[in-house]
Amino acid sequence: RVNKPAFTAILGIFVLCFSMTENIAKITPVPAWENQMQIAIANATAGETLMLTESGLYLESDLITQPLFPLTIMADPRLHEPPIWNTDGIRIIRARHDLTLQGIKLDGGGEAIHAISNDAPKPNTIIINKCIITGVTRNGITSGAKTIKTLRIQNTIFHHIGDSGISFRINDVCRNLEVSN
């Protein structure tokens with residue numbers, strides 16, 4: 001014979017534990033090497049954090065397009081020098097959803113037009129924290145006709161930028177712009 005209150009309590013604990021494991025963020029280490037970012041992003045899942053584990057060069061042969069889900073890309077906080085994300089393409093990354101970048105040097109190498117280009121189909125949030133954006137021929141961060149809900153730039157350095165650090169091609173494309181050091 002089953003004790004209903006005890007069975008209900010055990011079932012409740014099981015359901016709670018199972019639901020909590022789905023909310024734990026997945027962190028995937030990404031070593032420095034050619035096209036490692038492309039591979040990591042292609043295999044990422046919604047809400048995942050890609051952790052750049054080396055201070056070396058992450059060289060990508062083409063533009064990386066973010067999948068249609070939130071993504072965080074960050075340097076391992078134990079690194080003494082920021083990882084350098086470079087591209088042979090025209091942009092380093094095209095944002096398609098909520099995107100957080102932290103502790104990374106985005107270097108266009110004097111060839112890329114933009115470091116971050118927003119092309120999200122729905123208003124999104126882009127957070128850039130403790131990054132260096134350099135070596136692009138036009139704009140560090142840009143958005144054409146796609147609305148950014150919030151663009152938050154914290155403790156980030158822009159240098160060797162061809163035109164503007166931040167550029168919006170039409171009025172009111174960014175609802176909230178927060179810049180702080």
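Residues numbered from 1 in each chain as written. Predicted model: local features only at pLDDT ≥ 70, side-chain atom pairs only at ≥ 80, totals over all residues. Heavy atoms only, no water.

S.K.: What is the right way to read the side chain of Gln 66 from this model?
M.R.: Secondary-structure assignment places Gln 66 in the loop between strand E4 (64–65) and strand E5 (71–75). What makes Gln 66 buried here is its relative accessible area of 1%. Reaching out from Gln 66, the side chain makes a polar contact with the backbone oxygen of Phe 69 at a distance of 3.0 Å. Setting aside its immediate chain neighbours within four residues, Gln 66 contacts Leu 71, Arg 94, Ala 95, Arg 96, His 97, Asp 98 and Leu 99. (Helix = DSSP H or I, 4+ residues; strand = E, 2+ residues; numbered from the N terminus. Buried < 20%, exposed > 50% of the residue type's maximum accessible area, 1.4 Å probe, protein only. Polar contact = N/O pair within 3.5 Å; in protein donor to acceptor, adjacent residues only side chain to side chain. Contact = heavy atoms within 4.5 Å.)

S.K.: What is the right way to read unusual backbone geometry from this model?
M.R.: Note: most residues except glycine have negative phi, and most peptide bonds are trans. For Asn 35, which is not a glycine, the phi torsion comes out positive at approximately 60 degrees. Looking at the element boundaries, Asn 35 is found in the loop between strand E1 (27–30) and helix H2 (36–42). The phi dihedral of Asp 172 is positive, around 60 degrees, even though this residue is not glycine. Mapped onto the secondary structure, Asp 172 falls in the loop between strand E16 (164–168) and strand E17 (174–180).

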